[in-house]
Amino acid sequence: MKQFLKYCGVPIILFLLVLMVSFWLHWNESFIFIISRYKSYITNMGRQESIGDSKENALEGCHPGIEWDKLQTTSLPNLKYTKPSALQLPRTDVNILTPWLAPIIWEGTYNYDIINEQFKQGNYSIGLVVFAVKKYVQFLPEFLRTAELYFMVGHKVHYYVFTDQPEAVPNITLKTNRFLHVVESEPYKRWQDVSMQRMESIHQHISNQFYKEVDYLVCADSDMKFNDYVGVEILDELVATLHPAYYGTERNHFPYERRGVSEAYIPADEGDFYYMAAFYAGTVKGIYKMTQVCYDGIQKDRKKGVEAVWHEESHFNKYLVYHKPTKVLSPEYIWDNAMGNREILKKKRFIAVPKNHNEIRN
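Quick caveat: nothing in here was measured; it's all calculated off a predicted structure.

Things to note about the environment of Thr241
Checked against the element boundaries, Thr241 lands in strand S7 (residues 238–242). Accessibility expressed as a relative area gives 0% for Thr241, which makes it buried. Considering only alpha carbons, one finds Thr241 and Ile105, 136 residues apart in sequence, at a separation of 9.3 Å. With residues near it in sequence (within four places) discarded, Thr241 still touches Tyr274, Tyr275, Met276, Phe279, Leu329, Ser330, Tyr333 and Ile334.

Quick look at the structure:
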């Protein structure tokens, strides 16, 4: 026995100690777990009581201030239309979706009656911004006349005409719920400066006036005219239009600003499409953020003595590389008949007015 204890006693004692420590740790963890579960139960009971006492507290969080009991739903009217297909694309000759799931708007890819009825439920207002400075004022009569025929028919529209010649703005008869606002603008000597100043002017007037009157803004060049219906299909958070000269070209052919010194610089291996700054749209908030960033870039370039290759359009494209548009418009929404016809263009909704650019700009 003595020999057994001599050789085996120490290992047995160590084994028993380890066993006792293991048992103690297991019991301690179980005890802590039970205590924590009890505390959690008590806490949740308190929360449930709070929820029961106040429904508003239960529904706060990400949506404060909403009167949940007063929320209402509205239904679409009975509409008759062809059943859509989940297996067949509405058009196969063009791309209708970007990699970030923004729709590309072409004729034949949407049902206007449905989206128009949905839009009416919001009782929204749309602002159409146009700059007619110096010689460009001559295009205003045709621009406004065709806008009354084709632009946002049946909806509330505010025209915002920026011009250095308020007396030259035509006094046209507007339809119900259509309003014309004339905003005096500075006649910069160079057309490039007039072009770049648009970002600042739009940005400033959003915070001063536009946000009080409209929900969406559409910005367009004045030397264009509406040639077919342009409606709520163009509206979203931020909407850009494919340039008619580059919608089918590769990235390396885009006229992006490639000089690293400019704030509009886009690296050679980046960019999705080349967008034209002659027609874009968005919510008031979306346009506000975009014009702020673009104007800041223009100002930084000026301090460096740099001017982007395509002025504000270069900064516009830079912004859209890193802030993807939520909807993209096809060249139907900017076309020049001097480019001829394209089979993919079922409509030409907004087209250039024939002119001598050098004569108008100088």
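Points about helix H6 (residues 284–303)
The end-to-end C-alpha separation of H6 is 29 Å, in line with the 28 Å expected for 20 residues at 1.5 Å each. Among the residues of H6, those classed as buried are Val284, Gly286, Ile287, Met290, Thr291, Cys294, Tyr295, Gly297, Ile298 and Asp301. The buried residues of H6 occupy one face: seen down the axis, they fall within an arc of 165 degrees. Every exposed residue of H6 that faces more than 90 degrees away from the buried side is listed here: Lys285 and Lys303. Of the residues one or two after H6, Gly305 is the one with positive phi, at around 75 degrees.

Notes on the sheet that holds S7
The pairing of strands in a sheet happens through backbone hydrogen bonds and is either parallel or antiparallel. Read from one edge to the other, the open sheet built from eight strands follows the order S1-S9-S7-S8-S5-S2-S3-S4, with strand pairing classed as mixed. Strand pairing shows two members of the sheet lacking a second neighbour, strand S1 (104–105) and strand S4 (178–184), which therefore form its edges. As defined by bridge partners, strand S5 (residues 216–221) adjoins strand S8 (residues 275–283) across five bridges and the pair is classed as antiparallel. What sits directly across from Ala220, in S8, is Phe279.

Topic: the pattern of salt bridges
The full count for this structure, using the stated rule, is 15 salt bridges. Notably, a salt bridge pairs Arg91 with Asp93, separated by 2.9 Å at the nearest N-O pair. Owing to a relative accessible area of 42%, Asp93 belongs among the partly exposed residues under this scheme. Where Arg198 meets Glu312, a salt bridge forms, and the shortest distance between an N and an O atom there is 2.3 Å. Highlighted residues: Arg198 in helix H5 (residues 191–213) and Glu312 in helix H7 (residues 311–322), separated in sequence by 114 residues. Connected through salt bridges with shared partners, the residues Glu107, Glu332 and Arg349 form a single ionic network.

Concerning the packing of aromatic side chains
This structure, assessed with the given rule, holds 20 aromatic pairs. Summarising the aromatic geometry, the rings of Phe226 and Phe350 are spaced 4.6 Å apart at their centres and angled 35 degrees between planes, so their arrangement reads as tilted. Of this pair, Phe226 sits in strand S6 (residues 224–226) while Phe350 sits in strand S10 (residues 350–352); the two residues are 124 residues apart in sequence, bridging distant segments of the chain. The two residues Phe226 and Phe350 agree in class, both being buried. Linked through ring pairs, Phe143, Phe151, Phe226, Phe279 and Phe350 together constitute an aromatic cluster.

Focus: the confidence of the model for the chain
When pLDDT is averaged along the chain, the result is 87, and 81% of the positions lie at 70 or above. Here residues 31–35 scores under 50 on pLDDT; set against residues more than four positions off or in separate chains, the count is zero contacts.

Observations regarding the packing of H6 against H7
At a minimum axis distance of 9 Å, the contact between H6 and H7 shows a crossing angle of 125 degrees. It follows from the interaxial angle that H6 and H7 lie oblique. For the element pair H6 and H7, the recorded crossing hand is right-handed. Between H6 and H7, the contacting residues are Lys289, Met290, Val293, Cys294, Gly297, Ile298 and Asp301 on the first element and Glu312, His315, Phe316 and Tyr319 on the second. When the residues that make up the contact of H6 with H7 are grouped by side-chain class, the tally is six nonpolar, two polar and three charged.

Re the pairing of strand S2 (residues 125–132)
Buried residues dominate S2, accounting for eight of its eight residues. Because side chains alternate across S2, one face comprises the buried residues Ser125, Gly127, Val129 and Phe131, and the other comprises Ile126, Leu128, Val130 and Ala132, equally buried. As judged from the eight bridges shared by S2 and strand S3 (residues 156–163), these two strands associate in the parallel manner. Within S3, the residue paired with Leu128 across the bridge is Tyr159. The β-α-β motif built from S2, the intervening helix H4 (residues 140–150) and the parallel element S3 has right-handed crossover chirality. As paired strands, S2 and S5 are joined by six bridges and run parallel to one another.

Observations regarding the nonpolar core
The biggest cluster of nonpolar side chains holds 37 residues, and the ones touching the most others in it are Val129, Leu217, Met290 and Phe316. When contributions to this core are tallied by element, the ones reaching two or more residues are S2, S3, H5, S5, S7, S8, H6 and H7. Counting residues per element, this core draws most heavily on H6, at six residues. Within the second largest apolar cluster, 36 residues are counted, among which are Ile105, Phe143, Leu144 and Phe350.

Cut-offs and rules
- Residues numbered from 1 in each chain as written.
- Predicted model: local features only at pLDDT ≥ 70, side-chain atom pairs only at ≥ 80, totals over all residues.
- Heavy atoms only, no water.
- Helix = DSSP H or I, 4+ residues; strand = E, 2+ residues; numbered from the N terminus.
- Buried < 20%, exposed > 50% of the residue type's maximum accessible area, 1.4 Å probe, protein only.
- Contact = heavy atoms within 4.5 Å.
- Expected span 1.5 Å × (residues − 1).
- Arc of directions from axis to C-beta.
- Pairing = 2+ DSSP bridges.
- Salt bridge = Lys/Arg side-chain N within 4 Å of Asp/Glu carboxyl O.
- Phe/Tyr/Trp six-rings, centres within 6.5 Å; stacked < 30°, edge-to-face > 60°.
- pLDDT = per-residue confidence, 0-100.
- Axes fitted to C-alpha atoms, helices over the stretch in contact; angles between N-to-C directions.
- Parallel < 35°, antiparallel > 145°, perpendicular 65-115°, else oblique.
- Left-handed = near helix turned anticlockwise from the far one by under 90°.
- Nonpolar A, V, L, I, M, F, W, Y, C, P; charged D, E, K, R; others polar.
- Right-handed = clockwise from strand over helix to strand, strands pointing away.
- Core = buried A, V, L, I, M, F, W, Y, C linked by side-chain atoms within 4.5 Å.

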